[in-house]
There are 2 protein chains.
Amino acid sequence: MSVPALAALRQELARQGLDGFIVPRADEHLGEYVPAAAERLTWLTGFTGSAGLAAVLADTAAVFTDGRYVLQLAEQTDPKRWQQLHVTEEPPPAWLAQHAPNDGRIGYDPLLISEEGLARYTDAGLKMVAVERNPIDAVWTDRPAPPSAPAEPHPLAYSGRTSEDKRADVAKVLREAKQDAAVLTDPASIAWLLNIRGGDVPFTPFALGFALVHADAATDLFIDPGKLPAETRAWLGNAVSVAGRDALAPALAKLAGKTVRVDASGSPVWFAQQLLKAGAVVAPASDPCLLPKACKNTTEQQGAREAHLRDAAAVCRFLHWLAVAAPAGQETEISAAEALLGFRRQVDGFRGESFPAISGAGEHGAIIHYRVTEESNRPIKPNEVYLIDSGAQYPDGTTDITRTVWTGPGQPPDEVRERVTRVMQGHIAIATAVFPKGVGGAHLDAFARRALWQMGLDYDHGTGHGVGSYLSVHEGPVSISRLARPVAIDAGMILSNEPGYYLPDHYGIRLENLLLVQAADLANARKPFLCFETLTLAPFDRRLLQPALMTRAEREWLDAYHARVLRTVGPELGGAERDWLSAACAPFG
Amino acid sequence: MSVPALAALRQELARQGLDGFIVPRADEHLGEYVPAAAERLTWLTGFTGSAGLAAVLADTAAVFTDGRYVLQLAEQTDPKRWQQLHVTEEPPPAWLAQHAPNDGRIGYDPLLISEEGLARYTDAGLKMVAVERNPIDAVWTDRPAPPSAPAEPHPLAYSGRTSEDKRADVAKVLREAKQDAAVLTDPASIAWLLNIRGGDVPFTPFALGFALVHADAATDLFIDPGKLPAETRAWLGNAVSVAGRDALAPALAKLAGKTVRVDASGSPVWFAQQLLKAGAVVAPASDPCLLPKACKNTTEQQGAREAHLRDAAAVCRFLHWLAVAAPAGQETEISAAEALLGFRRQVDGFRGESFPAISGAGEHGAIIHYRVTEESNRPIKPNEVYLIDSGAQYPDGTTDITRTVWTGPGQPPDEVRERVTRVMQGHIAIATAVFPKGVGGAHLDAFARRALWQMGLDYDHGTGHGVGSYLSVHEGPVSISRLARPVAIDAGMILSNEPGYYLPDHYGIRLENLLLVQAADLANARKPFLCFETLTLAPFDRRLLQPALMTRAEREWLDAYHARVLRTVGPELGGAERDWLSAACAPFG
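Note that the coordinates shown come from a computational prediction; the quantities given were computed from them, not determined experimentally.

1. Side note on the pairing of strand 20 (residues 401-406) of chain B
Residues and elements named next belong to chain B. Counting buried positions along strand 20 gives six out of six residues, so the element sits mostly inside the fold. Side chains I401, R403 and V405 project from strand 20 onto one buried face, and the interleaved T402, T404 and W406 project onto a second face that is buried too. In this structure, strand 17 (residues 385-390) lies alongside strand 20, joined through six bridges in antiparallel fashion. From the neighbouring strand, S390 faces strand 20, where its bridge partner is I401.

Following this line, the structure appears as structure tokens:
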């Protein structure tokens, strides 16, 4: 497939007068999951990883990805046609600057790259040319149709606030910033603002589309009208105009003389370009829905609690199933993930997974973004470490949980127990943290690592990410990470707490719960303080812990957490499962 | 004095065709301590605080300072002539934008403000005009002469590296960055680079001057030649040219066509302006001496240990003296600070204080930057909290220590003990931290606050600052603070560890030691890790601690620290002092 694809693309580039072209793995929303119609990188190169970019010149071409996908890139692409490169070791702008002809015209699709992303190419001295029509689309004859899943109302019982209310708030933000309108390109922002959900991409229940919010709260939604059943159209109300994707460019052109807010890092650069061409003033600022969406209201908070409780029953059933099955060694990474999915399918309101489960036994657990395939699948063996990171979508909330389990029947080595204990201490340090309002994720991250650092250990990922409310399991703008954006953590946010440790070729450890940020009620406080409420309810494998290494306060926290799990989840379970949970939640002696 | 001064300045402004003028509290090096000849703000307004700025217009004028000096500003300046304003509540650029005539020409002395500082005024839409000669200097008839303390060699026994060596390293950095030269405006950088020390300002032993380092390591020093005795001139060697301050502008003019590195935040904007006028290319980048100066070599590290040990003997003598004197209530904040200075004067190599001691009893301890005066001085009473923050300069090292003491003879209230214990826990959390190379001070700061935060308590200052080697007690570029610059902590840096707690109108707590960053030797580490060696040696007041609130590991750290203090400092002390130290360093039961 890739031979005619690359040749056809080069012909089209020549036709358009381009010396080169970049093909990011991206759709028009710059989202994490892209529909089949936007899988241009896969069509061109064969590579299916979730992060990558191809750069095509007349006589050479390269595909770039990160450390997660280096092996997959080598397997899926033809080395005769594609140089296979590591994106940070040889960044695409530098590669192009070296290989492109002097003053060569390098094409890019302005709908598939942000202003900040494009700047990396122009900063490298490249002459970047925005294409009118993506040259791949011109030659991709069997391109799938865009997705057309129906969008449905997200009722007040789950959203907690009317769309009218939310739009009034966003409009107020725009007026205060002296902006006439804001461009929304993130379908999650539109889903939140208009209280609708959809099914255009896997794992994240939104409908692909764009919107303009005006300073008077009127909102224009640009979406395939076929995705809006009459009930949903009625739900949107009269203050929301609806038009097809084709109406977007003319609508932007009408904003001449207006000041329009555009997110320079999150939105395709096409929007700023269109607005400037139309004579509008572009005000670069973050998506105005980001912060209010991140701070869940009390209805969403209560929904999250209930979704987590129902999800916990499935997770605990699975952990019981695994405790019974694993020592026999007859299950595999795939069969275990399917078993968990099977338990979740029985849960009220289950709408699907919130991301592809990571099911890694032994050495596979050490691959942080491992995704089991038929080829990589291996048995879960007795007496090894097994890691499973999974989550679900429910209309009242999104879940994400990682547990690390010893398969038994023997006892784990002391080294493994010591390291799991260090990760557990980091998890508890985050779960119990109290901090003043204004603190960001970069300031809390070290709490999760301190116990590991003392041993010269660490993990090469962030400690936590934001989570949506029946929306994306990876939601901005706040995270717990040294690289976190300087945005303050605030009440109502949901964040993951997932420190880990990975010994390459041996095993991986990750202990993840979701946290809800709450105001802390402290008698002495002279300013607002915040703390975390743990939402996730499932036991940590006590066989992997060394209580003697923990402080008394840490053991007390874990005992109290397990008592809470037993008290809340126990009544949802049957006989053998409940007996197992009782034992799993027993306090330390 | 201020009446004729302001009137004379306004006449001079009219003569120079200016509608206004800004007078920052600054000298040409933008340093912390300024010589009398640069105290233009005091001459003009009467205000003597260490941070402030005056803005003068034809018919109105204002002085701005921060929260530390609001009361002092009101006492020292005439409200009929000066609006007295808080610098963050009403920033000078906003005030000028509101009060200056439209298109008014606002003068500034380009030697007294950085490029970043100036940008705040131009960003506010003000028409800022660089003056050729500071209009205050034109009318300040009794202006003191510039300081002329002799500069002396800083021998290899203290500096550990030849200037030749250091200049070769800096030159290599310039060549790698494709820069032809660097402007040095920080006298501390020059002192480090050329291995000289001076006495032009109080507390920091450097000689005021400027330098140009070229990419071939040749260095031009611009300094009053009268400050260089023959011995120092010989010590500098032939690769260092020396010329007076007047030769600086012509030397910059000769850099036409060259790329010259200038620190946009730390250097006066005058340098970039002169270079641009001369046709040079200005490369904005940090002072190339900052990082190598911050990372002390092994000689400097050993010097710091020895200086701290000698300083500790004086501090312990003082603490003994205080333990005897305080319960009687006959001493004052001033007499105590003088007693400590008296003990330090007996120490080998004592060259002076490293900053004005903060000696605060009771409610004065809650004023973070309290500086006792004859007016504010008060007795140190029995049964209260007393805080003393002080430091010294020795040729082998700079010290900075804060202790918080209960004056006795009674017992402190439980609330005070609990809060001191929380501060102590934060201090220990920093002292015992282990962390990978690459971590910055913003990531460690929360360790120091965690125990306070859990109670809803906090302190409104950073946790630690860099400290020089017989140089400035406040040294960049690294600090431990949420607002720390994103510079990684590295081996050889000296940082303070000074969490605190302040109950306004009652008492202040601060527990400060200096730390030396060391490579951590950890068996499991797959990357470089760092840890801290505590340099400061003096007991913490155990009467103010509640050991039951501390973890076993925390108690063990404190016991080990006290044992080390007794073992190392004890032999330096006489009978009664030594007996007192033994008791003060006794382990927890």
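2. Focus: the interface of chain B and chain A
Taken together, the contact pairs 31 residues of chain B with 31 residues of chain A. Around 2,700 Å² of area is buried between chain B and chain A when both sides are counted, 54% of it from carbon and sulfur atoms. Considering only the surface of chain B that becomes buried against chain A, H443, R450 and W453 of chain B emerge as the three largest contributors, covering 23% of it. At the junction of chain B and chain A, the tally comes to two salt bridges. Seen at the junction of chain B and chain A, the total is 14 residue pairs in polar contact (both at pLDDT 80 or more). If one sorts the elements of the side of chain B that touches chain A by residue count, helix 17 (residues 441-453) of chain B sits on top with seven residues. Of the residues contributing to the side of chain B that touches chain A, the split by class is 19 nonpolar, six polar and six charged.

3. Structural notes on the domain arrangement of chain A
All names here are of chain A. Here chain A is described as being made up of domain 1 (2-139), domain 2 (152-285) and domain 3 (295-584). The distance between the C-alpha centroids of domain 1 and domain 2 comes to 29 Å. Residue-level contacts link 16 residues of domain 1 with 21 residues of domain 2. Ionic pairing is found between E28 and R245, a salt bridge with its closest N-O pair at 3.0 Å. Broken down by element, the side of domain 1 that touches domain 2 gets its largest block of residues, three residues, from helix 5 (residues 115-123). Residues of the side of domain 1 that touches domain 2, tallied by class, amount to ten nonpolar, two polar and four charged.

4. Some thoughts on the packing of helix 8 (residues 163-176) of chain A against helix 9 (residues 187-194) of chain A
Residue and element names in this part refer to chain A. Axis separation between helix 8 and helix 9 bottoms out at 7 Å; the angle between their running directions is 120°. The orientation of helix 8 relative to helix 9 falls into the category oblique. Residues S163, K166, R167 and V170 of helix 8 form the contact with helix 9, whose own contacting residues are W192, L193 and L194. Looking at the contact of helix 8 with helix 9, its residues break down into four nonpolar, one polar and two charged.

5. Some details on the sheet that holds strand 17 (residues 385-390) of chain A
As a general point, the strands of a sheet are linked pairwise by backbone hydrogen bonds and lie either parallel or antiparallel. Residues and elements named next belong to chain A. Read across the sheet, three strands follow the order 16-17-20 without closing on themselves; strand pairing throughout is antiparallel. Either end of the sheet is taken by a strand with one partner, and the two such strands are strand 16 (358-361) and strand 20 (401-406). Strand-to-strand, the axes of this sheet are offset by a mean angle of 10°, without reference to chain direction. Looking at chain direction, strand 16 and strand 17 are connected through four bridges and run antiparallel.

6. Details of the sheet that holds strand 18 (residues 392-394) of chain A
All names here are of chain A. Reading across from one edge, 15-18-19 is the order of the three strands in this open sheet, with antiparallel pairing throughout. In the strand order of this sheet, the two ends are held by strand 15 (352-353) and strand 19 (397-398), each with one partner. Strands strand 18 and strand 19 of the sheet are contacted by helix 14 (residues 298-325), whose axis makes an angle of about 130° with strand 18.

7. Topic: the pairing of strand 25 (residues 500-503) of chain A
Residue and element names in this part refer to chain A. Burial along strand 25 is two-sided: G500 and Y502 facing one way and Y501 and L503 facing the other are all buried. In this sheet, strand 26 (residues 507-510) lies alongside strand 25 in antiparallel orientation, the contact comprising four bridges. Bridge pairing in strand 26 places L503 opposite Y507. The hairpin formed by strand 25 and strand 26 contains three residues between the paired strands, and D505 there has a positive phi angle of roughly 70°.

8. Here's the deal with the relation of the copies chain B and chain A
Here chain B sits on chain A after a turn of 180° about the axis and a move of 0.1 Å along it, with an RMSD of 0.1 Å. Expressed as a symmetry operation, the mapping of one chain copy onto the other fits a two-fold axis. Relative to the rotation axis, the C-alpha of H443 of chain B is the closest in chain B, positioned 2.6 Å from it. When the interface residues of chain B are mapped onto chain A, 100% of them again fall at the interface, so both copies present the same face.

9. Examining the environment of H465 of chain A
All names here are of chain A. As for its placement among the helices and strands, H465 is situated in strand 22 (residues 464-466). Separated by ten residues in sequence, H465 and E475 place their C-alpha atoms 6.8 Å apart. Leaving out residues up to four positions away in the same chain, H465 has contacts with D400, V473, H474, V478, S479, I494, L495, S496, E498 and E512. Looking at H465, its side chain comes within polar contact range of the side chain of D400, at 3.1 Å.

10. Side note on the environment of A239 of chain A
Residues and elements named next belong to chain A. As for its position among the elements, A239 is in the loop between helix 10 (230-236) and strand 12 (240-243). For A239 and A217, which are 22 residues apart along the polypeptide, the C-alpha to C-alpha distance reads 8.0 Å. Once you skip the residues sitting within four places of it in the chain, A239 turns out to touch R167, A218 and T219.

So, how was this worked out
Residues numbered from 1 in each chain as written. Chains lettered and ligands numbered in written order. Predicted model: local features only at pLDDT ≥ 70, side-chain atom pairs only at ≥ 80, totals over all residues. Heavy atoms only, no water. Buried < 20%, exposed > 50% of the residue type's maximum accessible area, 1.4 Å probe, protein only. Helix = DSSP H or I, 4+ residues; strand = E, 2+ residues; numbered from the N terminus. Pairing = 2+ DSSP bridges. Contact = heavy atoms within 4.5 Å. Buried area = accessible area lost by both parts, 1.4 Å probe. Salt bridge = Lys/Arg side-chain N within 4 Å of Asp/Glu carboxyl O. Polar contact = N/O pair within 3.5 Å; in protein donor to acceptor, adjacent residues only side chain to side chain. Nonpolar A, V, L, I, M, F, W, Y, C, P; charged D, E, K, R; others polar. Domains from an automatic or database assignment. Axes fitted to C-alpha atoms, helices over the stretch in contact; angles between N-to-C directions. Parallel < 35°, antiparallel > 145°, perpendicular 65-115°, else oblique. Least-squares fit on C-alpha atoms with pLDDT ≥ 70 in both.

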